[in-house]
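Spelled out, the chains give:
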Amino acid sequence: MDESTLQLISGIGSKLGQLARPSKDVLVKSLRQVASALSQIEQPSVVEVATKAQVLGKLEAATKPLRNSIVKHGLSNHTDKDVRLLVAICVSEFFRILAPQPPFADKYLRDIFKLILSMFMELADTTSAFFSRRVKILDTVARCKCCVIMLDIDCNDLILEMFNIFFSVVRDHHQQSLINDILSIMTHILNEEVSDQLMDVILRNLIQESKDATSAASQLAASVIQSCAEKLQPFVCGFLTSCSLDRDTVGSELKEFYHEIVLKIFQCAPEMLNAVIPNLTQELMTDQVDVRIKAVNLIGKLLLRPEYRLAQRYRALFVEFLKRFSDKSSEVRVTALQCAKACCLANPSGIESLELLTAIEDRLLDFDDKVRMQAVIVACDLAGSNLKYTSPKLISEVIERLRDKKISVRKKALQKVMEVYRDYCNKCAEGHITMCDHFERIPCKVLMLCYDKDCKEFRSQNIELVIAEDLFPVLLPVEGRTRHWIHLFSLFSPLHLKALSAILSQKRRLQTEMRNYLVIRKKEKENSSEDMQKKLKSSFVKMSASFPDPSKAEECFEKLSQIKDNKIFTSLGLLLDEVTLKNALAIRDKFLKVIGNKHPHFEFLQLLSSKCLFNIFDSEHVWCILNLIASSGLGSNHLEPFSVELLLLIISNFPSLMRGSELQFRMLFEEKYLIHDKIIQVLARAGPHISVKFSDFYPILKKICLEGTRTQSKYAVSAIASLIDVSKQYVLSELCEELVDSLHSGRNIATVLHSLGCIAQYFVSTFEDHDREITQHVYEKIFQAKSLDDPYVIEDSSGCTTCKLKIYGLKMLVKSFLPHRGSQVNRQINPLLGIVLKMLQKGDMFDDIISCARDKAYIRLAAAKSVLQLSRRWDLHISPDIFRFAILMAKDSSSFVRRSFLDKTHKLLKERVIPIRYACAFTLATSDCPKDLYNDSFKYLAEFIKEYSREARIRQTAMVQGGSIVDYPAYIVVFLVHLLVHDAGFPSEDCQDEVLYAQFCSPLLSFLHALINSSVVDGDSDLVNDAAFYLNYIFRAIKRAKDAVDDQRTPRLHFLADIGISGVNSLHQNGVSSSRTPGMILLPSSLYKITPMESEEANLKFLNQTFVERIVHIFKSQVSPPVGSVHKRGRKCHEDDTLNLVLRKQVDYSTCGALETHKKSTRQDISLGHRRKRAVSPNALGSDGSCNKGFNEEQEYGASISSEAALEKGQPFSSSGSITQKPSQMESQVSTQKVERSNVFKGNLWAGKNLTAGASNGRKVKFNIPGSSKELANANEVLIGQRIKVWSTSDSCFYSGTVDDFNPENNSHKITCDSGEVEILCLDSESWETISDCSLTEKEVVLSDKSNTLLLRECVKDTLAKCKDDDSQQSKTKLNMEDGKFPSRKAPVSEKKKKKPGLSRDSSSVSEIINIDEDAVARRTWRRKV
């Protein structure tokens, strides 16, 4: 230790002490000298205590004058900052050299520490010239630990202030030594003593978000906690536990940031929270949603540190966290999903990640759309981050959201899965992963969006753009795209293929129509005319169909056509002709750049140009497919067939894309044609559009026709037809001769027959040159063959070789009469039809040929299918017998034959290539068949009714030529009735078994039930009303006709017509009304002939209306809910009537034990229907007296026979040759009930509500007045407040109760039983009676119909006759009706009406005229008295 230094310090101190008021300059000069001197003094390092004490004594003595001067002059509080800085330096040095003894007395230390703290406050200013000196002070204070002295002198406020100063001045750019010094000071303090105030400061800065010090202060606080974890833990855990379990008692504002504090501490000192983290379980289960959300967020962030293994250490907490994925709050579930995403991204291979992925998958099916959307986002982001290890199940669940019920979820799912697929394609191109099915299913599912009809964004017009522009990454090479297409094509189902075909067909139609438009536009400029304008308009409509908004697109096309600049249309033409996408995109970009984005039609032209491009498949795709097949570069042999199918799909829609690949295709064709049949089909499709020589392919095609399979031969002939030109026609004769020679020699007969049939379709004249020889050989050598073993016949059909060849021979003959391209056949078809008839009847052509029953079944099936095929062109020549035997295949004993025939019929009807009468097969199939076939038959029938009804209405509305009643599905009853009349199972004439008749008539009644069922036509009541209306007209027409085939069967004909009328009126509860006019009733002259007007109706001798109604009632009881116990009744009884037959296996008519009950409770309806704007001639025909007709039979019928039904005479059979009957106008539908009705009064017709009168014997009598639903509801409200009793068949007794309410929506009544139970019943399907003392009398309702007001007052008698007297009473009533003796009450008629002609005023009936829109409509109401 230098003595001179000590003397210097002592001397300066003494001088300053002698001065009364030293100036600043003196102080600064003196203190600088002292500071410099003190810095040279080292702290005593002597080990011996005595020596150290001696040294410290010297230091204390030398520095005492200066220390006294500082106190004397109050230099610690000096106003000058320079002085104060120098004083602080000197003081810090005193603390250093005099340690462990404080340099000042306790009473002065407070000011000294304030001075030091003031120096600390300036540490934030790193640009200051004194910054280094302040840092030096900090370092000195930290090393000597002098701040601990503040605890001894009770300066806790200064300690708190110092902590705040440190947190406020620390900066991210401070050197680490400075931060370490601060941390050291704070740690020393905390290790000595911890207070709640200090903890509060530390925690506040731990989570503070000040812009200036967020990071540094927070990091400092974290470092303090980490360094003093043991000391702080009791305070921190106590505070956090209080915040978690009893937050209201915590006074600190930090309780609101409790979760942030836990997270920050977990990040720096997780062991401190061992007692706190379990408390989060309670927060996850609290009722407060915001608390649960914060807790979920916190746990999610805690899981981001996989090294801490939170899920394993706190298993109960993690399990509860997983339960939050099914929290009742959607906000909590969304938060849990967001946390799960972060956790899985942080630790994708962790055990907890697997559990979280399972929870995410479950949320994809959440009931809340926001949660499902978030689950889709999370799942796709996770999949994109780690494609290689993404679960196939997760991808499968995600892409299912493309069919979500919420459009917003579907849109988001589409966006995200497309992103995933593009990432997948990039990874495949880079070689990181290989192609896998679960990712390739994404485009498959996207294609299925084309079937989404409720969202225009997902229609095929938009999906086309998605597939073309968003499916693959922009920079993905064509070969990579082609490989993906082939792989995903291998996963296609028929629906996928149909969707892609629809998109490609849509693009093809647009391109074709655009080419036509450009041609028409060019002609229109040369010669403008009205016809040309119509063609342009039609072209616009067709092209607009390919756009998302057709109406807007049509407007744009019209505006575009007015542009005189031809550059736009020239560019569009170039785009259509360019088959390479790369070149086409260059043309389009240049085109769009020229017109500029300010062009008024820029957006539309941009979209139009995209649709004109080959942007889904181009010629490079075709080249790549051919190259991959030829070089076996697909990597898997199973993909080769799919690549050929994809090639066929592309070429089928865009054959021009084969241009440029002809040589490669030829080489591939020669190598692969025997392996892939579709290679030949590709040639057939592309032939007219590519530049190849016929001679290059003909030898192979000829070989295929002779030696290939039947399928190959079909495509080979088609390819020849596409390649051959006029100069090569002679080769066809040569080919035909070789085929005939092969036929004679017995070589590969099956293929040869197929080749000949196809040649007959493409080259009619060539086939007819050899027709006689071919036909004769088929008749003599094939149809008459008893046994033939041809090893070449390898078809996968059942039956022996001889049976197969007979079928193939028949198919060949049928094909020869169905040429392509509209060619005419110059041969007679009657011989072939004769063969078909024999095969239909006997299963073979000749009686002496003995075949097994199985073979005969297949021959009958082939004959029936031949009838279907021939009906495309020759339906006029198909006789009733052929038609009947063909349709009876639907009831064949072989289930395979049934199904095959029905499937074929459905397919051809769906394609609109055969007459609608063949739909009769569906109705026959419902009478006796297995359940699965039964259900399919009803499905086919319902589809037929729905589609054909709508098309018929469109045609008739648009007044399209040919649109008439024969277009409606209802018209097939004309053929169905005739089929049943000639059915061998028709009950004998002496049979009066109602159950047997109901079973026999079930095909007819089932069809009526389906036709009048609103659920079949999606609730379209207009179609249902039209059907009922037309059915009644048709049945009325049939009743006025005779059987043209067998006149003795006419009574059966009329009986079935009565069944039909009764069935329509019984099944169609709302009355018969329609806005349609049926026009002329056309009955096929081959089936029906006109009945002379004066002749009587021919009916079965036992037939009466009651018998007919019972038959209908038996059938209806099988398709309606049966009568049952009131106490065991569900709500199904009052649901909208559906095809309940579909839900039942078969009607068991042998179990109708309650037949007498049914007879006694048969419902009889009184219906008042009304027609608008239809005048009835005064000489309209009168009613035949039958019940529930709904039509008046006193009508005039005009009849003419336009053709004769005789196959022997060579004349055709068809509905086009028909009996024409003029329909009557529909009159008031009035059932013959035991009710009296008032007459017209002063131009108004009195109409009543739906009244129900009860009788003591439990018989239900319902007065039904069809009309609007509102009218029916008003009618049923009459029962409200009445006491009734309902019969229960299960308990064999009545249950009584009160009608409290009526629901018009489902036609149900609310009944409170005497037992206290409440039932909802559809009284239409129950047996019931009123037991109230006051009968339902004098009920009135006013029904408004335009200018006409109908008002009917009905008086209902109190009782009905006993059941045992009912039948005789009905017979008497019927006789009275026939005698015309019907008493009725009369109301006065105005003088104006008395003068009008055509009004009958006898006692049996009254005709009323109601003026509706100035048209006179006659209504005849029959009166019947009980």
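The structure under discussion appears in the preceding block.
Predicted model only: the values in this text are computed from it and were never measured.

**Considerations on the overall build of the chain**
So, point 1. Tallying secondary structure elements over the chain gives 59 helices and 17 strands in all.
So, point 2. Burial status across the chain gives 56% buried among its 1426 residues.
So, point 3. When the accessible area of the chain is evaluated, it comes to approximately 62500 Å², of which 49% is carbon and sulfur surface.

**A short note on the packing of helix α49 (residues 973-981) against helix α53 (residues 1050-1067)**
Each pair of packed helices can be summarised by the angle the axes make with each other and by the distance between the axes.
So, point 1. Where α49 meets α53, the axes come as close as 9 Å, and the angle between the chain directions of the two elements is 130°. The angle between the axes of α49 and α53 places the two elements in the oblique class. Read as a crossing pair, α49 and α53 show a hand that is right-handed. Contacts from V977, L980 and V981 of α49 reach α53 at R1052, L1053 and L1056.
So, point 2. Residues that form the contact of α49 with α53 fall into these classes: 5 nonpolar, no polar and 1 charged.

**Description of the state of the cysteines**
So, point 1. Across all of its chains, the model carries 0 disulfides by this definition.
So, point 2. Cysteine C147 shares no disulfide, and the gap to the nearest cysteine sulfur, in C146, comes to 4.6 Å.
So, point 3. With no disulfide of its own, C343 has C339 as its nearest cysteine by sulfur position, at a separation of 6.5 Å.

**Some words on helix α51 (residues 1002-1011)**
So, point 1. In terms of residue burial, α51 counts as a mostly covered element, since 10 of its 10 residues are buried.
So, point 2. Listing the buried residues of α51 in full gives S1002, P1003, L1004, L1005, S1006, F1007, L1008, H1009, A1010 and L1011.

**Side note on the sheet that holds strand β10 (residues 1308-1313)**
So, point 1. The 5 strands are arranged β11-β10-β9-β8-β12 in an open sheet whose pairing can be described as antiparallel. The sheet terminates laterally at β11 (1318-1321) and β12 (1328-1330), the two strands that pair on one side only. Direction aside, neighbouring strands of the sheet carry axes that sit 35° apart on average.
So, point 2. Alignment of strand β8 (residues 1283-1288) against strand β9 (residues 1293-1303), held across 6 bridges, turns out to be antiparallel. Looking at β9, one finds that I1284 is bridged to G1297.

**Brief notes about the packing of aromatic side chains**
So, point 1. Taken as a whole, this structure holds 41 aromatic pairs when the rule is applied.
So, point 2. For the ring pair F883 and Y918, a centre distance of 5.2 Å and an interplane angle of 75° mean the geometry is edge-to-face. Taken together, the residues span a long stretch of sequence, with F883 in helix α45 (residues 880-887) and Y918 in the loop between α46 (895-910) and α47 (920-924) at a distance of 35 residues. For the pair F883 and Y918, a shared accessibility class is recorded, and that class is buried.
So, point 3. Centroid distance F986 to Y997: 6.2 Å. Interplanar angle 85°. Geometry classified as edge-to-face. With F986 in the loop between α49 and α50 (994-1000) and Y997 in helix α50, the pair connects residues that are 11 residues apart, well separated along the chain.
So, point 4. When its relative accessible area of 0% is taken as the criterion, Y997 is described as buried.
So, point 5. Here a set of aromatic residues connected by ring pairs shows up, and it is made of Y421, Y424, F439, F472, W485 and F617.
So, point 6. Its end group placed over the ring of F885, R884 keeps NZ or CZ at 5.4 Å from the ring centre.

**Quick notes on the pattern of salt bridges**
So, point 1. Per the stated rule, a full pass over the model turns up 52 salt bridges.
So, point 2. Among the ionic pairs, K702 bridges to E738, the shortest N-O distance being 2.4 Å. Here K702, found in helix α36 (residues 694-707), pairs with E738, found in helix α38 (residues 730-745); they are 36 residues apart in sequence, far enough to count as distant.
So, point 3. For E738, a relative accessible area of 28% corresponds to the partly exposed category.

**Notes on a positive patch on the surface**
So, point 1. Together, K453, K456, R459 and K498 line one region of the surface with positive charge.
So, point 2. Its place among the elements puts K453 in the loop between α23 (437-447) and α24 (460-470).
So, point 3. By relative accessible area, K453 is classed as exposed at 67%.

Thresholds applied
- Residues numbered from 1 in each chain as written.
- Predicted model: local features only at pLDDT ≥ 70, side-chain atom pairs only at ≥ 80, totals over all residues.
- Heavy atoms only, no water.
- Helix = DSSP H or I, 4+ residues; strand = E, 2+ residues; numbered from the N terminus.
- Buried < 20%, exposed > 50% of the residue type's maximum accessible area, 1.4 Å probe, protein only.
- Areas by Shrake-Rupley, 256 points an atom, 1.4 Å probe, with all protein chains shown as cover.
- Axes fitted to C-alpha atoms, helices over the stretch in contact; angles between N-to-C directions.
- Parallel < 35°, antiparallel > 145°, perpendicular 65-115°, else oblique.
- Left-handed = near helix turned anticlockwise from the far one by under 90°.
- Contact = heavy atoms within 4.5 Å.
- Nonpolar A, V, L, I, M, F, W, Y, C, P; charged D, E, K, R; others polar.
- Disulfide = S-S within 2.5 Å.
- Pairing = 2+ DSSP bridges.
- Phe/Tyr/Trp six-rings, centres within 6.5 Å; stacked < 30°, edge-to-face > 60°.
- Lys NZ or Arg CZ within 6 Å of the ring centre and 35° of its normal.
- Salt bridge = Lys/Arg side-chain N within 4 Å of Asp/Glu carboxyl O.
- Patch = residues over 30% accessible without salt bridge, like charges linked within 9 Å, V, L, I, M, F, W, Y side chains within 5 Å.
- Lys, Arg positive; Asp, Glu negative; His and termini not counted.
- Charge placed at Lys NZ, Arg CZ, Asp CG, Glu CD.

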